[in-house]
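Inside the fold
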Amino acid sequence: MIAVLTEHYGGKWPFWLSPRQIIVVPINPECYDYAKEAAKFLQEAGFCVHCDLIHDQRMQKKIRNAQLEQHNFILVVGEKEMAKRTVNVRTRDNVVHGEFTLDEVVAACKHLVKTKDLNSDTVWNRTS
């Protein structure tokens, strides 16, 4: 069964099945504490979250590695996000959805798990 699913999804698991759901990528070392805090918040909400705290890589390299590792969502945090208590959401397909609060991220991810939606981009569309 796992082989069939792996072949079907080509390694791009839907969010609710993915072993690599979310990764938090800080822009610089000054943001590491907030990145760890955001990752902990999302883990406590029940999601599989990693935090990329590798010191010798540039942000672009961290994002590229996260895409290659097929993390569903890449949450980038910098000084602006830290001050506003938000994260900048990207997908593994390099679609940038913009800034969201952690509560909005949790709500969107819970919606994906509940509905088993295969198109994870739809949960990030805001109605103005």
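The paragraphs below set out a description of the structure included in this document. Nothing here was measured: the structure is a model prediction, and the numbers come from that model. (Residues numbered from 1 in each chain as written. Predicted model: local features only at pLDDT ≥ 70, side-chain atom pairs only at ≥ 80, totals over all residues. Heavy atoms only, no water.)

With respect to the environment of Trp 16
Put simply, the test is: The secondary structure listing takes helices from DSSP runs of H or I that are at least 4 residues long and strands from runs of E that are at least 2 residues long, numbered from the N terminus. Burial classes: relative accessible area under 20% of the type maximum marks a residue as buried, over 50% as exposed, and values in between as partly exposed (1.4 Å probe, protein chains only). Any two residues whose heavy atoms approach within 4.5 Å at even a single point are treated as in contact. Any N or O atom pair separated by 3.5 Å or less is treated as a polar contact, with the protein-specific requirement of one donor-capable and one acceptor-capable atom, and with residues adjacent in sequence counted only for side-chain atom pairs.
Note that Trp 16 resides in the loop between α1 (2-9) and β1 (22-26). Residue classification places Trp 16 among the partly exposed positions, given a relative accessible area of 27%. With 93 residues separating them along the chain, Trp 16 and Cys 109 place their C-alpha atoms 8.5 Å apart. Look past the residues within four positions of Trp 16 in its chain and what remains in contact with it is Gln 21, Leu 112, Val 113, Lys 116, Asp 117 and Leu 118. Polar side-chain contacts of Trp 16 include one of 3.3 Å to the backbone oxygen of Lys 116.

Some points on the sheet that holds strand β2 (residues 49-51)
Quick reminder of the rule: For two strands to count as paired, DSSP must find a minimum of two bridges between them. A fitted line through C-alpha atoms represents every axis, and for helices the fit uses only the stretch in contact; the resulting angles, taken between N-to-C directions, go from 0 to 180 degrees.
Here we have 5 strands laid out as an open sheet, ordered β2-β1-β3-β4-β5, and mixed in their pairing. At either end of the open sheet lies a strand with only one pairing partner, and these are β2 and β5 (96-101). Going across the sheet, the axis of each strand differs from the next one's by a mean of 25°, ignoring polarity. Examined bridge by bridge, strand β3 (residues 73-77) and strand β4 (residues 86-91) share 4 bridges and lie antiparallel to one another. Opposite Phe 73, over in β4, you have Thr 91 as the bridge partner.

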